[in-house]
Protein chains: 2
Amino acid sequence: MVGTVSLVESQQTGRGNSADHVRRHNLAVVLGLVHRSQGVSRSLLTRQTGLNRSTVAALVGELVERRLVVEVDADVQGQVGRPSPIVKPAPLAVALAVNPEIDAITIAVVGLGGQVIKRVRHATDHEPEAREAVQICATVIDGLRDELDANYRVVGIGVAVPGLVRELDGVVRLAPHLGWVDEPLAGMLSEATGYPVVAGNDARLGTLAESTFGAGRDLTDFIYLNGGASGIGGGVIAGGQPLTGAAGYAGELGHTLVNSRGIVCHCGGVGCLETEVRRAPLLALVGLADADSDELENALLASESAEVLAEVHRQLDFLAVALRNAINTLNPQKILLGGFLGSLYAVAPGHLDALVAHQPLRASREGVTIGRAALGLNLLMIGAAELAFSAVLADPAAF
Amino acid sequence: MVGTVSLVESQQTGRGNSADHVRRHNLAVVLGLVHRSQGVSRSLLTRQTGLNRSTVAALVGELVERRLVVEVDADVQGQVGRPSPIVKPAPLAVALAVNPEIDAITIAVVGLGGQVIKRVRHATDHEPEAREAVQICATVIDGLRDELDANYRVVGIGVAVPGLVRELDGVVRLAPHLGWVDEPLAGMLSEATGYPVVAGNDARLGTLAESTFGAGRDLTDFIYLNGGASGIGGGVIAGGQPLTGAAGYAGELGHTLVNSRGIVCHCGGVGCLETEVRRAPLLALVGLADADSDELENALLASESAEVLAEVHRQLDFLAVALRNAINTLNPQKILLGGFLGSLYAVAPGHLDALVAHQPLRASREGVTIGRAALGLNLLMIGAAELAFSAVLADPAAF
DNA sequence: GTGATTTGTTGACTGGCACAACATATCAGC
DNA sequence: GCTGATATGTTGTGCCAGTCAACAAATCAC
């Protein structure tokens, strides 16, 4: 509840004025609260930060000067006492979000506070090479540039990549479905656009988005698991922080062993979660060629076929194995399921609940609940933008 | 490298003087460095903290006053310039470490800095009930009290429990081998001895010890996995911090599925790591009834039986499955193996290395190495003491 | 309207740290 | 053994961020 000063790796600069660190951290705390809440009264900020009224006034004042937040008069709502102004993210501050997929590249303008202002989907007729994807992004962004320059301040670009990304330098180590291997994506895109670029695994960024604005808002420890057409990705929030691991690859739960008798996965392993729990057989069983998430879910829910239910149960059984492993390893408060995993759960929630509750180590599963991800279509855009914003949020004074 | 101020949850107290937080954190940083290094020169402290000489002098001065560290003259070693005094943990500051097992309760006096000063092993002729264990501890500690009062300042007791412990309140949720269920251990022991008590899972505390003083000293992300007579326990350090999970149960890797065709585990699951990778069959194969870690290891290394090697390989194969899952989930820099798992690895290091290197997601396994835990007999004593010290280390000003 | 309540605003105060000047203890070369 | 170079301890000054308290302002309740 009380947030004040914090260790900020001051890196170099030789002289690390400590008072400066305090200031920076407090600015970051205030901006973070505003960002997450999309509008808080100043008086609430004083309570949440534990700082003095006058200090919060000064901090907010500095953030206003830096054009990161704006203060607006509160609606009078029957509160006794002098009304406290509402502090909101400045509509000026935006990040660009990019998500390359096999059939399209989506680019969005996202405001501080997580609002998607604009969204452009550029369809491609083939899987783009990395260089090509960068070219497309640069073209789209150049097309937006006048609008951006006139109305916004772009803090940077965040890219959500369906694959393993080394977060340190934004190199895509492996994006199997795009066919990318060791592509220095962030570097290329930065050079092509002039903006600072950060890149991350799509599922990890989805986790970040759910944690900041979605179903993980009030959780400190949860696992997010997403089922997409190309496989299963995931991310972990532990102790309130995203679990990155040594290089940013943490959370790859799709290749957990769930069946020793299973088939060989494209990854070379046997019986991975991803080989047993798949979207394609579900589509086939309900007789859909290609469908978006909602269609598939509706079809599954509407189906009365025993065969469909059996397949759903079969997949949930394997999902439960992976979840039990993950629960034992990470002791989360909640599991959030997205994509078709959410649909599977919607069809037979009791089935999965029971399997997870039938967990050997009672204490670990105690209090673990399963739920669905809250953010829909814009999940990855928000997550990617979140990544781009993270530098500003960590040190607002630098902007 | 540069450490300065940090967010310290100031909890209540209403007025959180921010300057005070800075001071507290800096004291904690300095004490932490001294603690880990068991003696640093003051000049090195200034470099490591990034703080000013005069500030470090003041901080160390305060820690000296609080009797947490001592300054001693450095040995002259051919360094140009005025010699800098060495700051060491005060020999006065100790914690008590407790480790109840099925056949004995071990109690130790451990100094700040991780030195085991005294170690008492109280053998029992049967598995002690929790109440009984508390009684034994209280008796032993009462016996030590004169000595303690005369020479030391006891900051508290840390208990390493072979089971699931809710860290919040030190309740042992389940210690299968001791037969304890929902025992308020910390509360009982605190009442019986008058010292503040904290309790944690033994493997997790072993991880903490390895992280602070052992093979994990310079690592920010690693997994520790220990094989004991009663099963496999583990712990995780992620981002330099112990991974606790929501309630402190994180790191239970012993019940990862490694074989769908396996037998039923005592936990109710099928094919858990713990059911496939066990100490008992190894002992049987080398013809030992009961042996300590070293004996078993020597016997395994000396054996030329194909049968023994086959069993070692079989167990390593299953261990590799669990490790691959864990690597995908956590993306560590290193895996540390303790107990008989370390021995297994010693017999056929190449075998396990190859299995883990044959990892599907190349990027994740990149840079992952396997090693052995460094701390031996006193591992749990040091880990338990570490837990007891953590309050002092987090806020030295309170002592 | 009037008082109670809450919050913004202002100026004085304080604590912690950086900085710089000086003091001190070592080494290296003669 | 003396002298200069080097590194570090020591001391006093100044600054900055945040607290605190007094006052001002804006709302509600009666």
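In short, a report on the structure. (Residues numbered from 1 in each chain as written. Chains lettered and ligands numbered in written order. Predicted model: local features only at pLDDT ≥ 70, side-chain atom pairs only at ≥ 80, totals over all residues.)

## Some words on the overall build of chain A
Next, step 1: Check the secondary structure of chain A and you find 14 helices and 16 strands.
Next, step 2: The C-alpha radius of gyration computed for chain A amounts to 22 Å, which stays within 12% of the reference 21 Å derived for 399 residues, consistent with globular compactness.
Next, step 3: For chain A, the spread of C-alpha atoms along the principal axes amounts to about 65 × 50 × 45 Å.
Next, step 4: Taken across its 399 residues, chain A has 51% of its residues classed as buried. (Helix = DSSP H or I, 4+ residues; strand = E, 2+ residues; numbered from the N terminus. Rg over C-alpha atoms; globule rule 2.2 N^0.38 Å. Buried ≥ 20, exposed ≤ 12 C-beta atoms within 10 Å, placed from the backbone.)

## Digging into the sheet that holds strand β12 (residues 222-228) of chain A
Residues and elements named next belong to chain A.
Next, step 1: If you walk across this open sheet you meet the five strands as β14-β13-β12-β15-β16, and the pairing is mixed. Edge positions in the sheet fall to β14 (241-242) and β16 (369-372), since each of these pairs with one other strand and no more.
Next, step 2: Strand direction decides the pairing type here: strand β15 (residues 334-339) and β16, joined by four bridges, are parallel. Directly across from I335, in β16, lies its bridge partner I370. (Pairing = 2+ DSSP bridges.)

## Observations regarding the nonpolar core
Next, step 1: Core analysis: the largest hydrophobic core is formed by 233 residues, its most contacted members being A95, V159 and A384 of chain A together with A95, V159 and A384 of chain B.
Next, step 2: If near-sequence neighbours (up to four positions away) are discounted, V159 of chain A is found in contact with V98, L185, A186, L189, V197, A199 and A384 of chain A. (Core = buried A, V, L, I, M, F, W, Y, C linked by C-beta atoms within 7 Å. Contact = placed C-beta atoms within 7 Å.)

## Examining the sheet that holds strand β2 (residues 69-72) of chain A
Residues and elements named next belong to chain A.
Next, step 1: The strand order β1-β3-β2 describes an open sheet built from three strands, whose pairing is antiparallel. Of all strands in the sheet, those with a lone pairing partner are β1 (40-41) and β2, marking the two edges.
Next, step 2: Two elements, β2 and strand β3 (residues 86-89), share four bridges in a ladder whose sense is antiparallel. Opposite V70, over in β3, you have K88 as the bridge partner.

## Observations regarding unusual backbone geometry
Residue and element names in this part refer to chain B.
Next, step 1: In this structure, D182 is a non-glycine residue whose phi angle is positive, near 50°.
Next, step 2: Position of D182 relative to the elements: it lies in strand β10 (residues 180-183).
Next, step 3: With 12 C-beta atoms counted inside 10 Å, the residue D182 sits in the exposed group.

## Points about helix α10 (residues 306-330) of chain A
Next, step 1: Taking 1.5 Å per residue, 25 residues should reach 36 Å; α10 of chain A reaches 35 Å between its end C-alpha atoms and fits that length.
Next, step 2: One or two residues past the end of α10 of chain A sits N331 of chain A, with phi positive at roughly 45°. (Expected span 1.5 Å × (residues − 1).)

## Considerations on helix α4 (residues 130-151) of chain A
Residues that lie three or four places apart on an α-helix share one face, since the helix turns once every 3.6 residues.
Residues and elements named next belong to chain A.
Next, step 1: Between its first and last C-alpha atoms α4 spans 30 Å; for 22 residues at 1.5 Å apiece the expected length is 32 Å, and the two agree.
Next, step 2: Along its length, α4 reaches its greatest deviation from straightness, about 50°, at L144.
Next, step 3: Buried within α4 we find A130, A133, V134, C137 and I141.
Next, step 4: Each element contacted by the buried residues of α4 is listed here: β4 (93-100), β5 (104-111), β9 (171-175), β10 (180-183) and α5 (185-193). (Bend = angle between axes of the 7 residues up to and from the residue.)

## Description of the environment of G200 of chain A
Residues and elements named next belong to chain A.
Next, step 1: Note on placement: G200 falls in strand β11 (residues 197-201).
Next, step 2: When the 29 C-beta atoms within 10 Å are taken as the criterion, G200 is described as buried.
Next, step 3: G200 has contacts with A160, V165, E167, L205, G248 and L387, leaving out every residue within four places of it along the chain.

## A word on the environment of L148 of chain B
All names here are of chain B.
Next, step 1: Among the secondary structure elements, L148 is positioned in helix α4 (residues 130-151).
Next, step 2: Residue class for L148 comes out partly exposed when judged on the 18 C-beta atoms lying within 10 Å of it.
Next, step 3: Taking the C-alpha atoms as reference, L148 lies 32 Å from S293; in sequence the two are 145 residues apart.

## Topic: the packing of helix α10 (residues 306-330) of chain B against helix α12 (residues 349-357) of chain B
How two helices sit against one another is set out by the angle between their axes and by the gap between those axes.
Residues and elements named next belong to chain B.
Next, step 1: The geometry of α10 relative to α12 is characterised by a closest axis approach of 9 Å and an angle of 35° between their N-to-C directions. In this structure, the crossing between α10 and α12 has a hand that is right-handed. Between α10 and α12, the contacting residues are H313, L316, D317, L319, A320, L323 and R324 on the first element and H351, L352, L355 and V356 on the second. (Axes fitted to C-alpha atoms, helices over the stretch in contact; angles between N-to-C directions. Left-handed = near helix turned anticlockwise from the far one by under 90°.)

## Observations regarding the pairing of β10 of chain B
Residues and elements named next belong to chain B.
Next, step 1: When strand β9 (residues 171-175) meets β10, the two strands line up antiparallel, connected through three bridges. If you follow V172 over to β10, its bridge partner there is E183.
Next, step 2: The hairpin turn running from β9 into β10, its antiparallel successor, is four residues long, and G179 in that turn takes a positive phi close to 75°.

## Topic: the environment of L337 of chain A
Residue and element names in this part refer to chain A.
Next, step 1: Its location among the elements puts L337 in strand β15.
Next, step 2: On the basis of neighbour counts, which here come to 25 C-beta atoms within 10 Å, the residue L337 falls in the buried class.
Next, step 3: The spacing of L337 and I370 is 33 residues in sequence and 7.6 Å in space, taken between C-alpha atoms.

## A few points about the packing of helix α8 (residues 279-286) of chain A against α10 of chain A
Residues and elements named next belong to chain A.
Next, step 1: The geometry of α8 relative to α10 is characterised by a closest axis approach of 10 Å and an angle of 170° between their N-to-C directions. In terms of axis orientation, α8 runs roughly antiparallel to α10. Between α8 and α10, the residues in contact are P281, L282, L285 and V286 and E307, V308 and E311, respectively.
Next, step 2: Looking at the contact of α8 with α10 residue by residue, the class counts come to five nonpolar, no polar and two charged. (Parallel < 35°, antiparallel > 145°, perpendicular 65-115°, else oblique. Nonpolar A, V, L, I, M, F, W, Y, C, P; charged D, E, K, R; others polar.)

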